[in-house]
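Residues per chain are reported as follows:
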Amino acid sequence: MKNIVVLISGNGSNLQAIIDACEQKKINGTIRAVFSNKADAFGLERARDAGIAAHALGASQFASREAFDRELVQEIDAYAPDVVVLAGYMRILSPAFVAHYAGRLLNIHPSLLPKYPGLHTHRQVLDNGDEEHGTSVHFVTDELDGGPVILQAKVPVFAGDSEEDVTARVQAQEHAIYPLVVSWFVDDRLEMRDGAAWLDGARLPPQGHAAEE
């Protein structure tokens, strides 16, 4: 069984999807710990309810981002993770942190990357009148939301949609594809090399794995 550590900052709905997938044996791994940079994150309650070690580490205790990340690495490594999963973790990671977990650090981003890196993606989609939106699971590199894409899911955007409508539609897809990608990784089907994501020995295209229609 592979060891999984999850980093969150808020509600933890993607964390819950991964917890459920582990319990249903859809992921051949165990979430050893959940870390949050916010002590009041509801995701920590989700972890405790599932019997998972839950830790809050606040940035205010540290002189710099690098110092915070050094401590975080030490605490994560106590759980010997095979993969570190960012599930709504809202802090920018230091290059040293990213380098330490290179090739085993996953993130989910609510847009069809490379479109709309950063924050407020749903608002940007609505402001720009896009008819299509979605979410991307990718390996993490030093470039913000710029690592190789593994899998994307698309959703339609309808006239009259609110930001809440779009958010709910995207999250439903996130909860489906993120556990799937984690399962690929723990089953040794997925890796990052040569600046790309590889699945079952085949290099994935820039938009990631294309699901059969």
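Each remark here, short or long, concerns the structure printed above.
Asker: Hey, could you run me through the overall build of the protein in this one?
Answerer: Helix and strand counts for the protein come out as six helices and ten strands. Over its C-alpha atoms the protein spans a radius of gyration of 17 Å, differing by no more than 12% from the 17 Å that the globule rule assigns to 213 residues. With respect to the principal axes defined by its C-alpha atoms, the protein has extents near 45 × 40 × 35 Å. In the protein, which comprises 213 residues, the share counted as buried stands at 47%. Of the contacts formed within the protein by residues at least 6 apart in sequence, a portion of 63% connects residues at least 24 apart.

Asker: How do you make sense of the packing of aromatic side chains when you look at a structure like this?
Answerer: For any pair of aromatic rings, the description consists of the separation of the ring centres together with the inter-plane angle of the planes. Throughout the structure, instances matching the rule amount to four aromatic pairs. With 6.5 Å between their ring centres and 65° between their planes, phenylalanine 139 and phenylalanine 185 make a pair best called edge-to-face. One end of the pair, phenylalanine 139, is in strand E6 (residues 132-139); the other, phenylalanine 185, is in helix H6 (residues 163-186), with 46 residues separating them in the sequence. In this structure, arginine 91 packs its charged tip against the face of phenylalanine 68, placed 4.1 Å from the ring centre.

Asker: Looking at this model, I keep getting lost on the sheet that holds strand E7 (residues 149-156). Mind explaining?
Answerer: Across a sheet, strands are paired by hydrogen bonds formed along the backbone, either parallel or antiparallel in direction. What the seven strands build is an open sheet, ordered E3-E2-E1-E4-E5-E6-E7; its pairing is mixed. Edge positions in the sheet fall to strand E3 (53-56) and E7, since each of these pairs with one other strand and no more. Taken pair by pair, the neighbouring strands of this sheet meet at an average axis angle of 20°, ignoring direction. With four bridges joining them, strand E1 (residues 2-8) and strand E4 (residues 83-86) adopt parallel strand pairing. Across the sheet, the residue bridging to isoleucine 4 is valine 83, located in E4. Packed onto the sheet, helix H2 (residues 42-49) meets E1, strand E2 (29-36) and E3 and runs at close to 160° relative to E3.

Asker: Is there a simple way to think about the pattern of salt bridges in this case?
Answerer: Pairing is possible between side chains of opposite charge, provided their charged atoms come close. Summed over the entire model, instances satisfying the criterion amount to seven salt bridges. For arginine 169, the salt bridge is made with aspartate 161, and the minimal N-O distance between the two is 2.7 Å. Owing to a relative accessible area of 15%, aspartate 161 belongs among the buried residues under this scheme.

Asker: Quick question: what am I supposed to make of the packing of helix H1 (residues 13-23) against H6 here?
Answerer: The geometry of H1 relative to H6 is characterised by a closest axis approach of 9 Å and an angle of 45° between their N-to-C directions. By the angle between their directions, the pair H1 and H6 is classed as oblique. Two packed elements cross with a definite hand, and for H1 against H6 that hand is right-handed. Here H1 contributes Ser13, Asn14, Ala17, Ile18 and Ala21 to the contact with H6, which in turn contributes Gln171, Glu174, His175, Tyr178, Pro179 and Val182. Per-class residue counts for the contact of H1 with H6 are six nonpolar, four polar and one charged.

Asker: Can you help me understand helix H3 (residues 65-77) in this one?
Answerer: For an α-helix the count is 3.6 residues per turn, leaving residues at separations of three or four pointing the same way. In this model, H3 (13 residues) spans 18 Å end to end at C-alpha, consistent with the 18 Å of a helix rising 1.5 Å per residue. Of the positions making up H3, those classed as buried are Ala67, Phe68, Asp69, Leu72, Val73 and Ile76. The inward-facing, buried residues of H3 abut E1, E2, E4 and helix H4 (95-100).

Criteria and thresholds
- Residues numbered from 1 in each chain as written.
- Predicted model: local features only at pLDDT ≥ 70, side-chain atom pairs only at ≥ 80, totals over all residues.
- Heavy atoms only, no water.
- Helix = DSSP H or I, 4+ residues; strand = E, 2+ residues; numbered from the N terminus.
- Rg over C-alpha atoms; globule rule 2.2 N^0.38 Å.
- Buried < 20%, exposed > 50% of the residue type's maximum accessible area, 1.4 Å probe, protein only.
- Contact = heavy atoms within 4.5 Å.
- Phe/Tyr/Trp six-rings, centres within 6.5 Å; stacked < 30°, edge-to-face > 60°.
- Lys NZ or Arg CZ within 6 Å of the ring centre and 35° of its normal.
- Pairing = 2+ DSSP bridges.
- Axes fitted to C-alpha atoms, helices over the stretch in contact; angles between N-to-C directions.
- Salt bridge = Lys/Arg side-chain N within 4 Å of Asp/Glu carboxyl O.
- Parallel < 35°, antiparallel > 145°, perpendicular 65-115°, else oblique.
- Left-handed = near helix turned anticlockwise from the far one by under 90°.
- Nonpolar A, V, L, I, M, F, W, Y, C, P; charged D, E, K, R; others polar.
- Expected span 1.5 Å × (residues − 1).

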